[in-house]
Amino acid sequence: DLLIEAAVEGCGIAIVTEGTCTYHLQSGRLVALLEEWCESYAGWHLYYPKGRLLPPALKLLCDHLGKTCPPP
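Worth saying up front: this structure is predicted, and the values here are computed from it rather than measured.

**Examining the nonpolar core**
Right, so step 1: I4, A7, V8, C21 and L30 together form the largest nonpolar core, which totals five residues.
Right, so step 2: Ignoring sequence-local partners within four residues, the contact set of I4 consists of V16, T20, C21, H24 and L30.

**Focus on the pattern of salt bridges**
Right, so step 1: A complete count under the given rule lists one salt bridge for this structure.
Right, so step 2: For K59, the salt bridge goes to D63, with nearest N and O atoms at 3.0 Å. Here D63 and K59 lie together in helix α3 (residues 56-68), a separation of four residues that amounts to about one turn.
Right, so step 3: Given the relative accessible area of 40%, K59 is considered partly exposed.
Right, so step 4: Using a relative accessible area of 32% as the deciding quantity, one classes D63 as partly exposed.

**As for a nonpolar patch on the surface**
Right, so step 1: Taken together, the side chains of I13, V31, L33, L34 and W37 present a nonpolar region at the surface, about 660 Å² in accessible area.
Right, so step 2: The topology assignment puts L33 in the loop between α2 (22-27) and α3.
Right, so step 3: By relative accessible area, L33 is classed as partly exposed at 47%.

**A look at the environment of A6**
Right, so step 1: With respect to the element layout, A6 can be found in helix α1 (residues 2-8).
Right, so step 2: With residues near it in sequence (within four places) discarded, A6 still touches C11 and G12.

**Brief notes about unusual backbone geometry**
Right, so step 1: Even without being glycine, L34 reaches a positive phi, approximately 55 degrees.
Right, so step 2: Its location among the elements puts L34 in the loop between α2 and α3.

**Digging into the state of the cysteines**
Right, so step 1: Across all of its chains, the model carries zero disulfides by this definition.
Right, so step 2: In this structure C11 is a free cysteine whose sulfur lies 16 Å from that of C21, the closest cysteine sulfur available.

**Concerning the confidence of the model for the chain**
Right, so step 1: Chain-level pLDDT for the chain is 86 on average; 92% of the residues reach the 70-or-more range.
Right, so step 2: Across the chain, α1 holds the top mean pLDDT of 96, while α3 sits lowest at 85.

Rules and cut-offs
Residues numbered from 1 in each chain as written. Predicted model: local features only at pLDDT ≥ 70, side-chain atom pairs only at ≥ 80, totals over all residues. Heavy atoms only, no water. Core = buried A, V, L, I, M, F, W, Y, C linked by side-chain atoms within 4.5 Å. Buried < 20%, exposed > 50% of the residue type's maximum accessible area, 1.4 Å probe, protein only. Contact = heavy atoms within 4.5 Å. Salt bridge = Lys/Arg side-chain N within 4 Å of Asp/Glu carboxyl O. Helix = DSSP H or I, 4+ residues; strand = E, 2+ residues; numbered from the N terminus. Patch = residues over 30% accessible without salt bridge, like charges linked within 9 Å, V, L, I, M, F, W, Y side chains within 5 Å. Areas by Shrake-Rupley, 256 points an atom, 1.4 Å probe, with all protein chains shown as cover. Disulfide = S-S within 2.5 Å. pLDDT = per-residue confidence, 0-100.

Structure, rendered in structure tokens:
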């Protein structure tokens, strides 16, 4: 939020995901730069050792991301 607000106030460029600043983009307060260099977001990628017991916190994170950010 701080990066976005700084960009809105004219302090510089912020590198954030598009979903975090949709309102500001639609209202014209921010403009997207270098769109041709930005890849589309296909979701979260988590890497962890296979075959090991997942720590409870990592299991909760995986479950949460799976529910809130389903694969395309």
